[in-house]
Amino acid sequence: MREYAVVLLTAGLVTFLATPVVRIAAVRMRMMAAPRERDVHVIPTPRGGGVAMYLGVAAAVMVATRLPALQRTFDDSQTAAVLVAGGLICLLGVLDDKFGLDALTKLTGQIAAAGVMVLLGVQLAFLFLPFADIGTISFGPDVGVPLTILLTVMTVNALNFIDGLDGLAAGVSAIAALAFFAYSYNLSSVGYDEVASAPALLTAVLAGACLGFLPHNFSPARIFMGDSGSMLVGLMLSAAAVSATGRVDAQSFDSAASLLPLALPLLVPVAVLFIPFVDLLLAVVRRTRRGQSPFSPDKMHLHHRLLTIGHSHRRAVLTMYFWAALLSFGAVALSVTGGTVELLVVIGVLLVVGVVVVLGPHARRAAREARAAEIAAQRRRSRAAHPTARAHRTGGRTTARRASAGAPVSPPQPSPPSAPAAGPAAPRAAGAGRGMR
């Protein structure tokens, strides 16, 4: 565990120190993200932070080669394959950050980088399905290679789609990497070192790079990771998922209890990347129904909807953090413990809390609107019950408005003369009246 802590801190420190340098270079190279209609930021912001993240990853891997406990990670070619493919996809992201590549070119580059990773040793070889008595499925190169490339491209684009708010992609990626590390480290702790060593190293390094970049990227962001960062993170998470769950032959273990950590090889990766995958799926369905390309941008992602509900920028990001942590670490805890009653109760309570947090602004707005409608109804009923007082108040307000506007106000009319009193003056008043007629 100490060796993993060393590489995590190395990746974080190198990334943190390299990010300001990369930011200055991005400004001079004019790699700026100008505000667009679908964007949330309002001022041009440099991008290309993925370069600093890759430097942190590479530095941490070099340190790992000098640590005795982690040297066995390099017995196969998986770590080196991820480092080479990560460099290629980071370069592709830099070109996109600078020149704005079209969707087809980016997709071709993603497939090429994933293909290089597969050719160098990262491939889905086995898949254990714990239902319907299917057991373990063994994949040959004709199926394993395209399936690994497909999974990698999907993960890359899923991380790219959620990179829409300051600190969102970096934080969610750090949470996903830490959850994958916990899952992989648990495999090693129960005796499957050859399965867990490479993904544990990759996820520890990735978590450190994301955490080192996050202080520069959290709202208000001084630099964006750009496609160079989001695609690098997606490729490394995909490689970790394939390495941790795709090379396990569950039939080689002699008891059902020994299969417990491996009983959820599908649920754990999907749960860890649930937020990005759901956002990707909704975007593809939404744009396809409109007759648009699945890669055409819009402003209907999950984080945009949180802003529409009424969350502030930071609150929306923290809400996404909460859900990513709940789903990913909840799935890892289920895979480790087998699903105890206490754990299920805790997860259920946290799910309710998450729903309340998401719908909180909407509920408060609805309560304010209901209160305003109730006050307006009370005023209408009060006016209907006292029409004379309402007319008096209305007349007083009209006179006051005329006076304040400088309009002439009619003087008060004199009261009519009172009836003549009885006495000597009464005949005179009567005679005067007859003379007038």
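These lines cover the structure that appears in this document, whether it is placed above or below. Residues take numbers from 1 onward in each chain, read along the sequence in its written order. Local features in a predicted model are, by the rule used here, given only for residues with pLDDT of at least 70; side-chain atom pairs are given and counted only at 80 or more, and totals for whole chains, interfaces and linings are based on all residues. Water and hydrogen atoms play no part in the side-chain values, which are based on all heavy atoms of the structure.

Quick look at the overall build of the protein chain
What the protein chain contains, in helices and strands, is 15 helices and four strands. Throughout this description, buried means an accessible area under 20% of the type-specific maximum (1.4 Å probe, protein chains only), exposed means over 50%, and partly exposed covers the range between. Taken over 437 residues, the protein chain has a buried fraction of 44%. Residue contacts are defined here by distance: any two heavy atoms, one from each residue, within 4.5 Å place the two residues in contact. A sequence separation of at least 24 residues applies to 76% of the contacts in the protein chain between residues at least 6 apart. Surface summary for the protein chain: the accessible area is close to 22300 Å², and the carbon and sulfur share equals 67%. Secondary structure elements are taken from DSSP: a helix is a run of H or I of four residues or more, a strand is a run of E of two residues or more, and numbering for both begins at the N terminus. Here the accessible surface of atoms and residues is derived via Shrake-Rupley with a 1.4 Å probe, and residues count as covered only by protein chains that are part of the display.

Focus on the packing of helix α1 (residues 2-28) against helix α2 (residues 50-64)
In contact at an axis separation of 7 Å, α1 and α2 are set at 145° when each is read in the N-to-C sense. Considering how the two elements wind past one another, α1 and α2 form a crossing that is right-handed. Contact with α1, carried on its side by Val6, Val7, Thr10, Ala11, Val14, Thr15, Ala18, Thr19 and Val22, involves Val51, Ala52, Met53, Leu55, Gly56, Ala59, Ala60, Val63 and Ala64 of α2 and no other residues of that element. The residue classification treats Ala, Val, Leu, Ile, Met, Phe, Trp, Tyr, Cys and Pro as nonpolar and Asp, Glu, Lys and Arg as charged. All others, Gly included, are polar. Residues that form the contact of α1 with α2 fall into these classes: 14 nonpolar, four polar and no charged. A fitted line through C-alpha atoms serves as each axis, taken over the contacting stretch for helices, and the angle formed by two N-to-C directions is quoted from 0 to 180°. We call a crossing left-handed when the near helix sits turned anticlockwise from the far one by less than a right angle, and right-handed when that turn is clockwise.

Notes on the pattern of salt bridges
Only one rule defines a salt bridge in this text: a Lys or Arg side-chain nitrogen within 4 Å of an Asp or Glu carboxyl oxygen. In the structure shown here, the tally under the stated rule is three salt bridges. Between Lys106 and Asp227 there is a salt bridge, with its nearest N and O atoms 2.8 Å apart. On the criterion of sequence distance, the pair formed by Lys106 in helix α4 (residues 103-119) and Asp227 in helix α8 (residues 226-245) is long-range, its members being 121 residues apart. Measuring nitrogen to oxygen at the nearest pair gives 3.6 Å for the salt bridge that ties Glu374 to Arg371. In this pair, Glu374 and Arg371 are both assigned in helix α13 (residues 341-385), three residues apart and thus about one turn of the helix distant.

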